[in-house]
Amino acid sequence: MSKELTYGELAALMKSSAGITVDVALLTGHPETPFAEYGLDSLGLLGIVGALENDRGIPIAGDADSCKTPGAFMDVVNSSLKAGV
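Described in the following lines is the structure provided in the data block.

Parameters at a glance
Residues numbered from 1 in each chain as written. Predicted model: local features only at pLDDT ≥ 70, side-chain atom pairs only at ≥ 80, totals over all residues. Heavy atoms only, no water. Phe/Tyr/Trp six-rings, centres within 6.5 Å; stacked < 30°, edge-to-face > 60°. Helix = DSSP H or I, 4+ residues; strand = E, 2+ residues; numbered from the N terminus. Buried < 20%, exposed > 50% of the residue type's maximum accessible area, 1.4 Å probe, protein only. Polar contact = N/O pair within 3.5 Å; in protein donor to acceptor, adjacent residues only side chain to side chain. Contact = heavy atoms within 4.5 Å.

This brings us to the packing of aromatic side chains. In total, this model carries 1 aromatic pair according to the counting rule given. Between Phe35 and Phe73 the ring centres are 6.0 Å apart and the planes differ by 80 degrees, which places this aromatic pair in the edge-to-face class. Of this pair, Phe35 sits in helix α3 (residues 35-38) while Phe73 sits in helix α5 (residues 70-83), placing them 38 residues apart in sequence. You'll find Phe35 and Phe73 in the same group, each marked buried.

Structurally, Arg56 is set in helix α4 (residues 42-56). Looking at Arg56, the relative accessible area reads 9%, which means it is buried. A distance of 3.4 Å separates a polar atom in the side chain of Arg56 from a polar atom in the side chain of Asp55.

With that out of the way, let us pick up the environment of Ser17. Relative to the assigned elements, Ser17 resides in helix α1 (residues 7-18). For the pair formed by Ser17 and Ala51, sequence separation is 34 residues and the distance between their alpha carbons is 7.4 Å. When sequence neighbours within four positions are dropped, the list of residues in contact with Ser17 reads Gly47, Ile48 and Ala51.

Structure below.
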């Protein structure tokens with residue numbers, strides 16, 4: 001179950017873990033927009049990392065919670081998921 005994280009899943013995690021509703025098309029089309037512009041802070045990102053680790057059953061790289069943009073976060077998370085296969 002280590003398939004790559006999608007922007008749709010990230011948007012759902014932002015909603016469930018941090019209470020932030022984000023349009024998937026916005027995330028997909030502008031992956032370098034800072035999380036701060038969506039209202040997501042480092043604590044919210046930490047919650048998303050925790051939810052992912054619980055859901056996927058593998059640790060996510062330690063620097064995932066310090067990513068500043070969705071694109072950077074997706075790169076780190078998907079690298080961790082591939083390594084955990």
